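Here is what each chain is made of, one letter per residue.
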Amino acid sequence: MAYGLFLLTLSLLLLAVLHAIGLLYLALPAIAGFLIVGPFLALGLYAKSRARMKGRALSLRGMVLVRPASGAQIAYAGLMLGLLVLFWLRAADLLYALFFGLAPFPGAVEAFGNVLTTPRGWALIGVGSAVGGLFAAFAFAISLFSIPMMLAERRDALTAMGMSFAMTVQNLRPALAWGAIVAAGLALSAATGLLGLIIVFPVLGYGTWHAWCAIGAGNARS
């Protein structure tokens, strides 16, 4: 729960930064972007779950200061996921301009009103959900197994992401079911003002590790 509290604090700081720079209208896309970087942020939870499987204890400090088998390669994977989030936020910004024009931005409150109460806003939600779904689906496929894999094995980032994509496609039905559970957990967290992250995120992190062990890791237990 302390790990989940750390993620909640990080998320609130991100929203505060968006508010400070006048980009609070990107809050919803930013929360959706959490789906993209979530597997990387759960690295400490994977390490905790792995240690428990081996019958070892792992402190919160050990969860934060994880030393993955792939070394710096996992940082490259995190960087690529971060770039995907930036591309998604830029796409969301452009979609708003496409539907509401290039007039000066009215502010976050009026922008949310435009999106939630006008026909153009409803169309934007539909198109934005479709575009965001493509970003999220691609990120989900390349990160679902790659981050746990690089924690347990020596793999370069591109190879691990490619293998993760292949494993996701080969196990599409359970992967889609798990993706729906993750999305539902994120929706629940958003509905509680992100407080749900304290419990939801650790549960999803443990679940993802065990999904990796069940589907992709013959030697993850070693």
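It should be emphasised that the depicted structure is a prediction, and the values quoted were computed from it without experimental measurement.

### A short note on the overall build of the protein chain
Working step 1: Check the secondary structure of the protein chain and you find eleven helices and zero strands.
Working step 2: From first element to last, N terminus to C terminus, the protein chain shows the α and β order α-α-α-α-α-α-α-α-α-α-α.
Working step 3: Out of the 222 residues belonging to the protein chain, those deemed buried represent 44%.
Working step 4: Just so you have it, the protein chain exposes about 11600 Å², and 72% of that area is on carbon and sulfur atoms.

### Quick word on the confidence of the model for the protein chain
Working step 1: When pLDDT is averaged across the protein chain, the result is 81; 87% of the residues are at 70 or more.
Working step 2: Within the protein chain, no element has a lower average pLDDT than helix α6 (residues 108-117), which sits at 67, and none a higher one than helix α9 (residues 157-170), at 90.

### Regarding helix α7 (residues 119-143)
Working step 1: Taking 1.5 Å of rise per residue, 25 residues should cover 36 Å, and α7 covers 35 Å from first to last C-alpha, within 8% of that figure.
Working step 2: Along α7, the residues classified as buried are Gly121, Leu124, Gly128, Gly132, Ala136, Ala139, Phe140, Ala141, Ile142 and Ser143.

### Details of the packing of helix α5 (residues 73-100) against α9
Working step 1: With their axes 8 Å apart at the nearest point, α5 and α9 run at an angle of 60° to one another. Listed contacts from α9 to Gln73, Tyr76, Ala77, Met80 and Leu81 of α5 are Ala157, Leu158 and Met161.

### Here's the deal with unusual backbone geometry
Working step 1: In this model, Leu194 sits at a positive phi of 75°, which is unusual for a non-glycine residue.
Working step 2: Examined against the element boundaries, Leu194 turns out to sit in the loop between α10 (172-191) and α11 (197-215).

### Focus: helix α3 (residues 43-53)
Turn by turn, an α-helix covers 3.6 residues, leaving residues three or four places apart pointing in a common direction.
Working step 1: When you tally the buried positions in α3, you get nine out of eleven residues, the bulk of the element.
Working step 2: Within the span of α3, buried status applies to Leu43, Gly44, Leu45, Tyr46, Ala47, Lys48, Ser49, Arg50 and Ala51.
Working step 3: Backbone geometry just after α3 places Gly55 at a positive phi near 75°.

### So, the nonpolar core
Working step 1: Leu81 and Ile147 are the most contacted members of the largest nonpolar core, which totals 48 residues.
Working step 2: Considering every element that reaches this core, the biggest residue donor is α11, with eight residues.
Working step 3: Residues in contact with Ile147, not counting those within four places in the same chain, are Pro39, Phe40, Leu43, Tyr46, Ile74, Ala77 and Leu81.
Working step 4: Residues Leu95, Tyr96, Phe99 and Leu124 belong to the second largest nonpolar core, which totals six residues.

### A short note on a nonpolar patch on the surface
Working step 1: On the surface, Leu79, Leu83, Leu86 and Phe87 cluster together to form a nonpolar patch covering roughly 420 Å² of accessible area.
Working step 2: By the secondary structure assignment, Leu79 is in helix α5.
Working step 3: Note on Leu79: relative accessible area 52%, which makes it exposed.

### Section: the pattern of salt bridges
Once their charged atoms are close, side chains differing in charge can pair, the charge on each being opposite to the other.
Working step 1: By the definition in use, this model includes one salt bridge.
Working step 2: The partner of Arg155 in a salt bridge is Glu153, with the nearest N and O atoms 3.1 Å apart.

### As for the side chain of Glu153
Working step 1: Relative to the helices and strands, Glu153 is located in the loop between α8 (146-152) and α9.
Working step 2: The class for Glu153 is buried, based on a relative accessible area of 9%.
Working step 3: A distance of 3.1 Å separates the side chain of Glu153 from the side chain of Arg155, its partner in a polar contact.

### Structural notes on the environment of Leu83
Working step 1: Topologically, Leu83 is positioned in helix α5.
Working step 2: Residues Leu83 and Val37, 46 residues apart in the sequence, show an inter-C-alpha distance of 9.7 Å.

### Things to note about the packing of helix α1 (residues 2-20) against α11
Working step 1: It is the contact of α1 with α11, at a shortest axis distance of 7 Å, that shows an interaxial angle of 115°. For the element pair α1 and α11, the recorded crossing hand is right-handed. Contacts between α1 and α11 pair Tyr3, Gly4, Leu5, Leu7, Leu8 and Ser11 from the former with Leu197, Ile198, Phe201 and Pro202 from the latter.
Working step 2: Across the contact of α1 with α11, the residue classes tally to eight nonpolar, two polar and no charged.

Calculation notes
- Residues numbered from 1 in each chain as written.
- Predicted model: local features only at pLDDT ≥ 70, side-chain atom pairs only at ≥ 80, totals over all residues.
- Heavy atoms only, no water.
- Helix = DSSP H or I, 4+ residues; strand = E, 2+ residues; numbered from the N terminus.
- Buried < 20%, exposed > 50% of the residue type's maximum accessible area, 1.4 Å probe, protein only.
- Areas by Shrake-Rupley, 256 points an atom, 1.4 Å probe, with all protein chains shown as cover.
- pLDDT = per-residue confidence, 0-100.
- Expected span 1.5 Å × (residues − 1).
- Axes fitted to C-alpha atoms, helices over the stretch in contact; angles between N-to-C directions.
- Contact = heavy atoms within 4.5 Å.
- Core = buried A, V, L, I, M, F, W, Y, C linked by side-chain atoms within 4.5 Å.
- Patch = residues over 30% accessible without salt bridge, like charges linked within 9 Å, V, L, I, M, F, W, Y side chains within 5 Å.
- Salt bridge = Lys/Arg side-chain N within 4 Å of Asp/Glu carboxyl O.
- Polar contact = N/O pair within 3.5 Å; in protein donor to acceptor, adjacent residues only side chain to side chain.
- Left-handed = near helix turned anticlockwise from the far one by under 90°.
- Nonpolar A, V, L, I, M, F, W, Y, C, P; charged D, E, K, R; others polar.

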